[in-house]
Amino acid sequence: MLKTLSFFLVVLALARPALAQRVVQSINSNWQFCKGNGQDFAQLPPPPAAWERVSIPHTWNITDVLDDQPGYYRGVGWYRKTVFVPATWQGQRIYLHFEGANQQTEVYVNGQLAGRHAGGYTAFRFEITSLVKFGNKAPAANEVLVKVDNSYNPAIPPLTADFTFYGGLYRDVYLLAAAPVHFALDNYASSGLFVTTPAVSATAAQVEVRGVVANETATARPLTLRTRLLDRQGRVVAEQRASLRLRAGQRQEFKLAFNPVTQPHLWSPDDPYLYRVVSSVEEKGKPLDEVSSPLGLRWYRFDAAEGFFLNGKPLKLIGTNRHQDYPGQGNALPDALHERDILLLKQMGGNFLRISHYPQDPALLAACDRLGILASMEIPIVNEITDSPEFFQTCRTMQTEMIRQNFNHPSIIIWAYMNEILLRMPENTRKDDSQRQAYFGRVTTLAKQLDSLTRREDPARYTMIVNNGVFELYHRAGLTTISQLVGWNIYAGWYGNNTKLEDLPKLLDRHHRELPTVPLLVTEYGADADPRLHAAQPVRFDKTQEYANLYHQYYLKEFLARPYVVGSTAWNLADFNSEGRQEANPHINTKSLLTADRQPKDTYLFYQAHLLKTPFTKIGSRAWTLRSGIAAGPDSLFCPQAVEVYTNQPRVRLTLNGHDLGTRTADFGVARFRVPFVDGINLLTAQAPGQEVGDEVSITFQLLPTNLASAQLPFRELNVSLGDQRFFTDALLGQVWVPEQAYTPGGWGYVGGRALVQPGSLPYGSGRNILGTEYDALYETQRVGLSEFRLDVPDGQYEVVLHFAELETVPTAEQLIYNLEKPTTGPAGPVSQTGRAFDVLLNGLPVLTDLGTTTYLAPLQATSFKFPIEVVGGQGIRVAFRARAGEAILNAIQVKRSY
């Protein structure tokens, strides 16, 4: 059966006699891998027993970037494979082509070095003709050995970043054979051919093809260069030929220009029509080499006042950024997952992708070409530079590789080369202004070199530097006037001391005022949204979906109100791994519009409501299908909660279990309702007038009684998160944790104390990774100094679970600018040396004695205790706390009636 095939062969050639033209064959299957483990195999290949069988794409960092141990393996990994080379390939030129390996690579064939490559995100190709063994008739076995190293290297960007530097041979590997007369194969791993469109209009298009052809035989060869322009149906639209004679060993540059294409079918996001340019080198009518390139005919311009224009028409660029990892696979993705992300962006209605912060898989741009997504691509010079000739040269090589390898993709309109480059500056620049100015000078020198290089390589596309939102700093450093475009990563209302949403328009207007000739893009913006967390009154940094909704709704309105904001890309398309992050979702950046497994958040639906051109109506919080809340009153059997419906229609009608909740007018794509949820199943149906089919969501609601002794609504279970005002949903266990409240007779709640608020940006609790749990958000908040937690439950048998985590007496961790919690001391020593010890009594019975930092409460460690209890005589449940040293704490409590 096909599913059992373990070898996958790709031949990019037409059906002609063997080796009439180049053959490109994937060799992804049946590799062996061994982690170098530092000193053991850092220099020499590991012994046979150490190998394990893997397939490419592969990374060795799938699991260690998610565990509780800080850091992940950055070192050497070895790969090896036996490659069988046909005897018929003798006389051909043979290459190994790697689409990507992170980040330093050495390749050996039959024990001999084939080549080295620096950089983890661009392709590289080594000729191995002289290293290959050939059999007389049968294919000969050849050993390929690859050493990959993702260690920190000061000469290779990125040096630091808010993403994980996965190690491995994580993109496809190919074996390539070509006739000795061929288009250049040593041009920075590019196709060797470059298609340009010097002039395009609605009535005519000029198309040119340039490249280099090489004769690596020992005799002169009379050759014909032939290039054809084919439409989508394969019909020849135009053709050009040229004759030349190459001496033995000669390489010859060429350029062929088609006659103007009349009435061209233009490429655009709405109609991404692709032509093909097929170029061949022939001898006496026999093709020796052939290369096919995509072609989209379009023209565009950026205007600092009026925005972006494609094919003469204004087009607001709206889309997202994108990182290349996926749960359970790291960054070693099959082509289908790259393509799926572009489809999801298209289904959102987006027309623009910032490929951040590095060149990504070739399948990604091919999907952009096919689906009509305009793109910006950049090399990973992130946060800081190394002031060394080696670093500068690596950057120049990376930029050249990026441009030449991706030159023929019509989706690309921008080449970029720096991201927030002043975010981390050398220690000596912080207090010494002369050192700071000198560093600025070196950064701008590199920027100018890369900008000049980019304009020489590709004069038709635009260049861009991306800065963070500190206008004064980047403007003073000279980084706002080098590139043709300037991107701003703006997080007003998220990062920064006391920033507000209202700071966004101030920065936009300042750029337009002080840089009136420089087109502006907002290249990043976003707020973390943990799909498990919700709040009725969202606040900055609470990580709830509701705050992210407010944030994106505000930002998009400001962008659309300003024509000079030529484009915007939300951060990010999907949640991605950043190993150094802590907070509610350790190791994950959750600012995205999709979850890591590509499920839509509310913000994705909000953009669909604004960007799709077909009727759209979707109920928000689609993942929040398990809810809870307190009944509206002692005699009420419902709990009102907010529900947003996202639509591009003027009005929406909402029903609950068939009962009409009314029709609301949409405000900037959002219709807002208060829904009286009842206990059990709640079927919501939203429909816009005139729509035949509406949208349905089924929500299971756990209604909590106001009076715990209520006969109408008997008490079953209560889960409370202390120290914050957020709901936390655990879909796996079917539990909803509700926000804390003060005790009132007949009900439940805390007595005394205060919610923990530490210095820094968080509205409550800690932003640290809590060990030993997947429920960090519950253990990161707590009530300090409480005397009791009471529940006036009726008599019966119950189970009480108390949850604790020590958040104050903790060691200081490495502080990253991306983590919201800030240290209160230096890198050595804990935040607080104060000890803590307290007793816990359950209805007067001591159940925990001397609970504290010298017993169970290890720093940042989740700790829980479960107790059975029988309630008799109407006493309810009273959890009392008696401090011995410091103050008592409680992070969360669960109470469940057994019978």
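The rules we used
- Residues numbered from 1 in each chain as written.
- Predicted model: local features only at pLDDT ≥ 70, side-chain atom pairs only at ≥ 80, totals over all residues.
- Heavy atoms only, no water.
- Phe/Tyr/Trp six-rings, centres within 6.5 Å; stacked < 30°, edge-to-face > 60°.
- Helix = DSSP H or I, 4+ residues; strand = E, 2+ residues; numbered from the N terminus.
- Buried < 20%, exposed > 50% of the residue type's maximum accessible area, 1.4 Å probe, protein only.
- Lys NZ or Arg CZ within 6 Å of the ring centre and 35° of its normal.
- Core = buried A, V, L, I, M, F, W, Y, C linked by side-chain atoms within 4.5 Å.
- Contact = heavy atoms within 4.5 Å.
- Pairing = 2+ DSSP bridges.
- Axes fitted to C-alpha atoms, helices over the stretch in contact; angles between N-to-C directions.
- Left-handed = near helix turned anticlockwise from the far one by under 90°.
- Nonpolar A, V, L, I, M, F, W, Y, C, P; charged D, E, K, R; others polar.
- pLDDT = per-residue confidence, 0-100.
- Expected span 1.5 Å × (residues − 1).
- Arc of directions from axis to C-beta.
- Parallel < 35°, antiparallel > 145°, perpendicular 65-115°, else oblique.

## Some details on the packing of aromatic side chains
- Overall, the coordinates contain 38 aromatic pairs when judged by the stated rule.
- Measuring from ring centre to ring centre gives 6.4 Å for Y474 and W488, while their planes differ by 90°; the resulting arrangement is edge-to-face. Taken together, the positions of Y474 in helix α5 (residues 471-476) and W488 in strand β28 (residues 485-489) put the pair 14 residues apart, joining distant regions of the chain. Taken individually, Y474 and W488 each receive the classification buried, so the pair is uniform in this respect.
- Consider the rings of F838 and F881, whose centres lie 6.4 Å apart with planes at 50°: the pair is tilted. Placement of F838 in strand β50 (residues 837-842) and of F881 in strand β53 (residues 877-885) is noted, with a sequence separation of 43 residues between them. Comparing F838 with F881, the two get one shared label, buried.
- A connected cluster of aromatic rings, assembled from ring pairs, spans W494, Y525, F541, Y547, Y551, Y555 and F559.
- One cation-aromatic arrangement involves K35 over Y73; the distance from NZ or CZ to the ring centre is 4.9 Å.

## Observations concerning the nonpolar core
- Ranked by size, the top nonpolar core spans 100 residues in total, and within it I381, L422 and L479 carry the most contacts.
- If one sorts the elements of this core by residue count, helix α4 (residues 433-457) sits on top with seven residues.
- Setting aside its immediate chain neighbours within four residues, L422 contacts N383, Y439, F440, V443, L473, Y474, A477 and L479.
- Of all hydrophobic cores here, the second largest spans 55 residues; its members include L704, Y779, Y798 and I877.

## What to know about the sheet that holds strand β15 (residues 236-246)
- Taken in spatial order, the four strands line up as β15-β14-β18-β19 in an open sheet, and their pairing is antiparallel. The strands lining the two open edges of the sheet, one partner per strand, are β15 and β19 (286-295). Along the sheet, successive strands turn relative to each other by an average axial angle of 15°, direction set aside.
- The sheet contact formed by strand β14 (residues 221-230) and β15 spans 10 bridges and is antiparallel. Counted as the bridge partner of T227 is Q240 from β15.

## A short note on the environment of K618
- Looking at the element boundaries, K618 is found in strand β34 (residues 617-619).
- Residue classification places K618 among the partly exposed residues on the basis of a relative accessible area of 29%.
- Residues K618 and Y646 lie 28 residues apart in sequence; the distance between their C-alpha atoms is 5.3 Å.
- With sequence-adjacent residues up to four places away left out, K618 is seen in contact with L605, E644, V645, Y646 and D695.

## Topic: the packing of helix α1 (residues 335-348) against helix α2 (residues 362-371)
- Direction vectors running N to C along α1 and α2 enclose 35°, while the axes themselves pass 8 Å from each other. When the axes of α1 and α2 are compared, the crossing they make is right-handed. In contact with D335, H338, E339, I342, L343 and K346 of α1, α2 contributes A363, L364, A367, C368, R370 and L371.
- Taken together, the residues that form the contact of α1 with α2 break down as seven nonpolar, one polar and four charged.

## Examining the side chain of D839
- Checked against the element boundaries, D839 lands in strand β50.
- Excluding its chain neighbours within four sequence positions, the residues that come into contact with D839 are L848, T849, D850, A880, F881, R882 and R884.

## Focus: the confidence of the model for the chain
- Residues of the chain with pLDDT of at least 70 account for 94%, and the chain-wide mean is 93.
- Predicted confidence for residues 1-19 stays below pLDDT 50, and this span has 27 contacts to residues more than four positions away or in other chains.
- Confidence drops under a pLDDT of 50 for residues 823-833, and excluding neighbours within four residues, the segment shows 20 contacts in the predicted structure.

## With respect to α1
- The first and last C-alpha atoms of α1 sit 20 Å apart over 14 residues, in line with the 20 Å expected at 1.5 Å per residue.
- Within α1 the residues assigned to the buried category are L337, H338, D341, I342, L344, L345 and M348. Buried residues along α1 cover an arc of 155° about the axis, so they all sit on one side.
- Elements that come into contact with the buried residues of α1 comprise β23 (317-322), β24 (352-355), α2 and α8 (602-611).

## Some thoughts on the sheet that holds strand β54 (residues 889-890)
- Across the sheet, which stays open at both edges, the three strands sit in the order β46-β47-β54 with antiparallel pairing between neighbours. Because the sheet does not close on itself, it has two edges, and the strands there are β46 (754-755) and β54.
- Relative to β54, strand β47 (residues 783-784) runs antiparallel, the two being bridged by two bridges. Looking at β54, one finds that V784 is bridged to I889.

## Description of the pairing of strand β35 (residues 626-630)
- For β35, a buried count of four out of five residues is recorded, marking the element as mostly surrounded by other parts of the structure.
- Judged from the five bridges that link them, β35 and strand β41 (residues 695-704) form a sheet pairing that is parallel. When the sheet's bridge partners are listed, R627 is paired in β41 with F701.

## Things to note about the packing of helix α6 (residues 503-514) against helix α7 (residues 545-560)
- Relative to each other, α6 and α7 sit at 25°, their axes nearing to 10 Å. As far as their axial angle goes, α7 and α6 are roughly parallel. Between α6 and α7 the crossing geometry is right-handed. Here α6 contributes L504, P505 and L508 to the contact with α7, which in turn contributes Y554, Y555, E558 and F559.
- Residue composition of the contact of α6 with α7, by class: six nonpolar, no polar and one charged.

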